[in-house]
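Observations on the three-dimensional arrangement
Each chain, written out:
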Amino acid sequence: MKGTVFKYTVILLFGMATGFTALANSVDSTLYKEGRAWAERDEEKSFRLLEKAMHQAQDRQETEFHILCVITLSKLDFEGNPERQRHILTWIDQALKEATALRQQRNIALLHMSAALLQNEANHFYDSTLYHYEFAQKILTTLYGEWNDLVAACYHGRADMYKYYLFDYEKAEALYEKSLQIREHIHWKKEATFAQLYYNLATTNRSQQDYEKAIAYGIKTIEMVKRINNPVFLERCYDIVANIYRDMGETKQARVYYQQAISLNPKNRNSPQQQTWQLAWHYQGLAKSFDEDSLFDAAIVNFSKALDIYRKTHNDNILLYSECLFNTALAYQHRGDNARALDMYRQRILSVKHMNMGKERIMAESYVGLGDYFRATHNTDSSIFYYQKALTVSATGFTSMRYDVNPTLEQVGLHYFVYWILSKKAETLTALYETKKDARYLRQALACLMLSEKLMTQGRNALDIEESKWKFLDSNFHLYEQIVSTLHTMMTLQPNDSLLDLAFHYFERSKSYTLNSALGKAERDRKINVNDATFQKYNALTRDLFTAQDKLSREKDKDHPDEKSIDAMRQEVVRLDRNIQAIKPQLEEKYPGYFTVTSEPPVPSIQQMKNFLEKENDVIIEYFWGNRWVYGLALEKDHASFKRLGRVDSLQTNVQNLLQHFADEHSSISQEVFTNFSVNAYALHQRLVAPFGKMIQPNQRLQIIPDGLISQIPFEVLLTEPSQPSPVNYRAAHYLIRSHRVGYAYSSSTLLNKTKRHTPNPAILAMGFTGGKRLRAAAEPLTEIEGAEKELEALERRFNTGKFLSGPEVTEANFKTLAPAYDIIHLAIHGKGDAEQNYSSSLFFRTKSDSLEDGELHAYELYGLKLKANLAVLSSCESGLGRAYKGEGMISMASAFVFSGCQNILMSLWKVNDQAAVSLMDNFYGGLLTGERIDEALAQAKLDYVDHADEITADPKIWAPLVAYGNLEPVFQKDRSRTLFAVLGAFMVLLVGYAAFRKFRSRY
């Protein structure tokens, strides 16, 4: 199919580009005119007439007309006839010499464009094809500038090469976008060109798994093709939109579009042969949608329809026939019919060899299919043989069939899909180890997985839309679990420091990927002038993009979503993304490296972390929450320990039971509630902390790097000893906080790569939801936070410098205006976290006195605010909750503050008790102002509360929701002047005493 699309694109472009109509009319050439007239009906007859016209022009020495004939000949579709294409290439070469001698720059450019098309089709010389396009583009840009339709055509041709032949989808997308940008700028009138560009952008983004952009371009293409009344193209558009929906997991919607394509097929007037294979293609897509819904019988029925159609046409489109064989084999395998699956795989390989595509991705997929079959039938040796074969046809210059050899990154190139093959090979090598107990298989599996992870990461980085990156990493997170599990098994066989270092490395690689990148970006942002118009525009567009994505996400999650609204929202997402991509080169030119330099902090070694811990005297416990097992890795200045802590399902039960205690509106005097809390809090301590007990000294600070469901529990409430079953006494419980201070971080890398910010006299911005119900926010049914007013009054007594806003001043507009100027931000306002939606974490402000904003501050609105705050205190409800993605953690309100550059966050994991928050916050800031670390100050405030509470009100649900994330270093320097005065005072007392003693002795 790629050849057909590529040819269609280039013919379309050349039809617009040649511009020789006036010349043809001025030259007496009946042969030429007849040849053009026959082009659509009989290309062979057209070729013979145009060839005669070309020779006639040569004999008459009519150079320009000769060139016109050559270019027109190059537009004829002789795909599958390389001999004829090479004849035309020879004529192009002759015409180029003539044009060069006459210095006809435009003709030279057009001939290079013709050569580009034919070099690719006749000889598959991809480098040569790109050379011709680039040479033509350079000439045309010199002649006409960049904003020209011929230049756009060159960008388009180059994009086709990168997409269909070199598989560099990121490069292809950029070139298609440039072509589209030029045509929009020059107000190009031909909608067919735009339709083809949108179609190509849809398919390119689909190849990159950027599905939201892909579906937006696909829907836009359908709308445009309907207007230009091209039913053949429309049928193809229905099919690609169906494919994208299927890839997104929206199989029911996909089937709607497949049925539309099937219904349209008989009505089209294209050639019967093409009409037939397109119908087969639609049935195949429909079958795959059934297969993905585990409706295997329906899938096989439709695959059979497709295969029958291909066979009746004598496999004229053998590429699509081969694809259908492969998918039918998968369906049989899914249904458990392994014999038929094997037969289909073998037929598929024979068809691929028949097409001379033994080194293409299609052959790699065939071998992977066979590898999967043999793995399912427990024939591991055959399975790994075929996975290795798949690698040999996927990587340039790689031929080794030795299982302990993998291709290099350079050999793989841009074929990121190879990560999928390597992962399967690693699984089979692990199975071989389990059977034969030979450790070399584990080493080979680890090598596969490490290379696979690098390729997977490169594939992720090629995506534009942040949500697509999250979903991509989430769907491939099993790679990290494979790596960690393999390393753990190897450590049990032969412990060594290099394996421990690798385990730590991949613990870190699997953590908060986007957040780590954002921290690096935030530091770079500080070097940019805040008034830079381009930078402001970029940040505004980024916020607008997140706003559009939020609206789209909300509409899609409705019980009865409006499809028209969804389509419009997707178009808006694409429009904003295109504007962002267009402005990036301007920022990169002004601030070199802003986008091209990696912003992710490098992963440190264990030795670097030990050196860090020698100064800090902390113990770090980092967790990995997989699909099957939970692992922990503890570090202190002299030792490191890597352990498997338990099965996910078992630990998940304990965590969820504990979280239920914090979520329920329970009675704290209930014996049953107290017992359930105590049992689960103690069990989690025994399973998550106690395994590393030998490394932890009394009163030593713990730095927790949580993962998965563990991120939702405050470790301070875990019990180091079982509680007495009765009576109920939360106050006497042996909480971990009594023996250890606990802080949190998103990753160990962020601790080591922290940026110190010292402000002599930090200023605070404090905002509280106070002032009576008459001022409540209109958008949400929110009540007043009863303790907020007292909380602000306490802060005002503590701080000499700052701004304290309450009542009608607590608006979203005021926050956005003031927040970037302050060192500490304190928000005692309502908030919510949403574990289901991507963008629904938000804070609520006043709306009555705010004419600029709606009063709901979403997490994504913080991007680009450039906060300089060293500490943000979100004593609001659920500010630490959000949707969790594997490899990213919680996408919450708190993480949004980190994205904006805030180094330390105090956030809530569940709804905060208003009255308790007053004393907790007052005592917390009291400790902070004396120079205590953030975690120390918070721990002491919590302990003060527990010590002054009774047996019932010491329930952790009241005092434990706030946790501190970040480097947690002191915000205020210790008051050295007081210390100095105390020392001087003591010295003076000693001096006076000594003088008195001397005087006393002198008398006697």
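Residues numbered from 1 in each chain as written. Predicted model: local features only at pLDDT ≥ 70, side-chain atom pairs only at ≥ 80, totals over all residues. Heavy atoms only, no water.

As named in an unreviewed UniProt entry, the protein chain is CHAT domain-containing protein, taken from Chryseolinea serpens.

**Brief notes about the overall build of the protein chain**
Our working rule: To qualify as a helix, a DSSP run of H or I must reach at least 4 residues; to qualify as a strand, a run of E must reach at least 2; elements of each kind are numbered from the N terminus. The buried label goes to any residue with under 20% of its type's maximum accessible area, the exposed label to any with over 50%, and the partly exposed label to all in between, with areas taken from a 1.4 Å probe on protein chains only. When checking whether two residues touch, look at their non-hydrogen atoms; a contact exists if any pair is within 4.5 Å. Accessible surface area values rest on a Shrake-Rupley calculation with a 1.4 Å probe, where residue burial reflects the displayed protein chains alone.
Helices and strands together make up the secondary structure of the protein chain, namely 40 helices and 16 strands. For the protein chain, the proportion of its 1004 residues judged to be buried stands at 58%. Within the protein chain, contacts between residues at least 6 apart in sequence are counted, and of these 72% link residues at least 24 apart. Surface summary for the protein chain: the accessible area is close to 42,300 Å², and the carbon and sulfur share equals 51%.

**Some details on the pattern of salt bridges**
Quick note on the threshold: Salt bridges are defined by distance alone: a side-chain nitrogen of Lys or Arg within 4 Å of a carboxyl oxygen of Asp or Glu.
Scanning all chains against the criterion turns up 41 salt bridges. Arg158 is the salt-bridge partner of Glu134, the closest N and O atoms lying 4.0 Å from each other. Note that Glu134 is positioned in helix α8 (residues 126-144) and Arg158 in helix α9 (residues 149-164), a separation of 24 residues in sequence. A relative accessible area of 35% means that Glu134 is categorised as partly exposed. Taking the shortest distance from any N to any O, the salt bridge between Arg575 and Glu572 comes out at 2.8 Å. Highlighted residues: Arg575 and Glu572, both in helix α29 (residues 563-590), separated by three residues, approximately one helical turn. A single network of salt bridges, built from pairs that share partners, joins Asp618, Arg701, Arg741, Arg933, Asp935 and Glu936.

**Describing the packing of helix α10 (residues 169-185) against helix α11 (residues 191-207)**
Helix packing geometry: the angle between the two helix axes and the distance between the axes. Keep this limit in mind: Only C-alpha atoms enter the line fits that serve as axes; for helices the fit covers just the stretch in contact. Angles between N-to-C directions range over 0 to 180 degrees. Convention used here: angles under 35 degrees read as roughly parallel, angles over 145 as roughly antiparallel, angles from 65 to 115 as roughly perpendicular, and any remaining angle as oblique. Rotating anticlockwise by less than a right angle from the far helix to the near helix defines a left-handed crossing, while the corresponding clockwise rotation defines a right-handed one. Residue type decides the class: Asp, Glu, Lys and Arg count as charged, Ala, Val, Leu, Ile, Met, Phe, Trp, Tyr, Cys and Pro as nonpolar, and the leftover types, Gly among them, as polar.
At a minimum axis separation of 10 Å, α10 and α11 run at an interaxial angle of 155°. Taken together, α10 and α11 sit at an angle that is classed as roughly antiparallel. In terms of crossing hand, the pair formed by α10 and α11 is left-handed. Between α10 and α11, the contacting residues are Tyr169, Ala172, Glu173, Tyr176, Glu177, Ser179, Leu180, Arg183 and Glu184 on the first element and Thr193, Phe194, Leu197, Tyr198, Asn200, Leu201, Thr204, Asn205 and Ser207 on the second. Here the residues of the contact of α10 with α11 are counted per class, giving eight nonpolar, six polar and four charged.

**Side note on unusual backbone geometry**
Despite not being glycine, Gln209 has its phi angle at roughly 65°, a positive value. Here Gln209 falls in the partly exposed class, since its relative accessible area comes to 31%. Phi is positive for Asn229, close to 55°, though the residue is something other than glycine. Mapped onto the fold, Asn229 is located in the loop between α12 (211-228) and α13 (231-247).

**Points about the pairing of strand β6 (residues 764-768)**
Note the cut-off: Here the rule is simple: two strands pair whenever DSSP picks up at least two bridges between them.
In terms of burial, β6 is a largely internal element, five of the five residues being buried. In this structure, β6 lies alongside strand β7 (residues 802-805), joined through four bridges in parallel fashion. Paired with Ala766 across the strands is Phe804, a residue of β7.

**A look at the packing of aromatic side chains**
The following threshold applies: The rule is short: rings of Phe, Tyr and Trp, with Trp giving its six-membered ring, pair when the centres are within 6.5 Å, and they are stacked under 30 degrees, edge-to-face over 60, tilted in between.
Enumeration according to the criterion identifies 32 aromatic pairs in this entry. Note on Tyr373 and Phe374: the rings are 4.9 Å apart at their centroids and 75° apart in plane angle, and the pair reads as edge-to-face. Relative accessible area serves as the criterion here: at 11%, Tyr373 is assigned to the buried category. On the basis of relative accessibility, which here comes to 14%, the residue Phe374 falls in the buried class. Members of the aromatic cluster, joined through ring pairs, are Phe477, Tyr480, Phe507, Phe624, Tyr631 and Phe642.

**Here's the deal with the pairing of strand β12 (residues 871-874)**
Every second residue of β12 is oriented toward a common face, with Leu871 and Val873 on one face and Ala872 and Leu874 on the other, all of them buried. Bridge count for strand β8 (residues 824-828) against β12 is four bridges, and the pairing is parallel. Residue pairing across strands places Leu827 opposite Leu874, the latter belonging to β12. In terms of strand pairing, β12 meets strand β15 (residues 904-908) through three bridges, oriented parallel.

**Some remarks on the sheet that holds strand β10 (residues 842-844)**
Spatial strand order, β9-β10-β11: three strands in an open sheet with antiparallel pairing. If you trace the sheet from one side to the other, it starts and ends with β9 (831-832) and β11 (856-858), each paired once. Relative to β10, β9 is paired through two bridges, and the arrangement is antiparallel. Of the residues in β10, the one forming a bridge with Gly831 is Leu843.

**Examining the packing of α8 against α9**
The geometry of α8 relative to α9 is characterised by a closest axis approach of 9 Å and an angle of 160° between their N-to-C directions. When the axis of α8 is compared with that of α9, the two are roughly antiparallel. Between α8 and α9 lies a crossing of left-handed hand. In this structure, α8 contributes Tyr126, Thr129, Leu130, Tyr133, Glu134, Ala136, Gln137, Leu140, Thr141 and Tyr144 to the contact, and α9 contributes Leu150, Val151, Cys154, Tyr155, Gly157, Arg158, Met161 and Tyr162. For the contact of α8 with α9, a count of residues per class yields twelve nonpolar, four polar and two charged.

**Points about the side chain of Thr203**
Its place among the elements puts Thr203 in helix α11. Once residues lying within four places of it in the same chain are set aside, the contact partners of Thr203 are Lys163, Tyr164 and Ile240.

**Points about α9**
As a reminder, the rule being used: Here the expected length of a helix is defined as 1.5 Å per residue gap, with one fewer gap than residues. Under this definition, polar contacts are N or O atom pairs within 3.5 Å; protein pairs additionally need one hydrogen-donor-capable and one acceptor-capable atom, and for neighbouring residues in sequence, both atoms have to be side-chain atoms.
The end-to-end C-alpha separation of α9 is 22 Å, in line with the 22 Å expected for 16 residues at 1.5 Å each. Of all 16 residues that make up α9, 16 are buried, and the element is covered over most of its length. The backbone nitrogen of Leu150 lies 2.8 Å from a side-chain oxygen of the residue at the head of α9, namely Asn148.

**Comments concerning the nonpolar core**
The criterion, for reference: Each nonpolar core is a collection of buried residues, namely Ala, Val, Leu, Ile, Met, Phe, Trp, Tyr and Cys, held together in the definition by side-chain atoms within 4.5 Å.
Residues Leu111, Tyr310 and Phe642 are the most contacted members of the largest nonpolar core, which totals 182 residues. Core analysis: the second largest hydrophobic core is formed by 110 residues, Leu651, Tyr730, Phe769 and Tyr925 among them.

**Details of the environment of Ser382**
In this fold, Ser382 is placed in helix α20 (residues 380-394). On the accessibility criterion, Ser382 (22% relative accessible area) is partly exposed. The spacing of Ser382 and Gly371 is eleven residues in sequence and 6.9 Å in space, taken between C-alpha atoms.

**Points about α10**
When the terminal C-alpha atoms of α10 are compared, their 24 Å separation across 17 residues agrees well with the 24 Å that a helix rising 1.5 Å per residue should span. Buried within α10 are the following residues: Tyr169, Ala172, Glu173, Leu175, Tyr176, Glu177, Lys178, Ser179, Leu180, Ile182 and Arg183. A positive phi of about 55° marks His187, the residue just after α10.

**Things to note about the environment of Ser747**
Tracing the sequence through the fold places Ser747 in the loop between β5 (742-744) and α33 (748-752). Ser747 sits 237 residues away from Ser510 along the chain, and the two C-alpha atoms are 9.4 Å apart.

**A word on the side chain of Asn904**
One can find Asn904 in strand β15. With residues up to four places along the chain from it excluded, the contact list for Asn904 reads Asn870, Leu871, Ala872, Ile934, Tyr965, Gly966, Asn967 and Leu968.

**Observations regarding the confidence of the model for the protein chain**
Here is the rule we go by: pLDDT is a per-residue confidence score from the predictor, ranging from 0 to 100.
Per-residue confidence for the protein chain gives a mean pLDDT of 83, with 83% of residues at or over 70. Long-range and interchain partners of residues 1-27, a stretch whose pLDDT sits below 50, account for 80 contacts in this model, where long-range means more than four residues apart. Confidence over residues 771-780 falls short of pLDDT 50; this stretch has 24 contacts with residues more than four positions distant or in other chains.

**Remarks on the environment of Phe715**
Note that Phe715 resides in the loop between β4 (701-705) and β5. A residue is classified by how much of its surface remains accessible, and Phe715, at 1% relative accessible area, is buried. Along the primary structure Phe715 and Ala960 are separated by 245 residues, whereas in three dimensions their C-alpha atoms are 9.4 Å apart. The residues touching Phe715, leaving out its near neighbours within four places in the chain, are Tyr623, Leu688, Val689, Ile704, Ile710, Leu736, Val742 and Tyr744.

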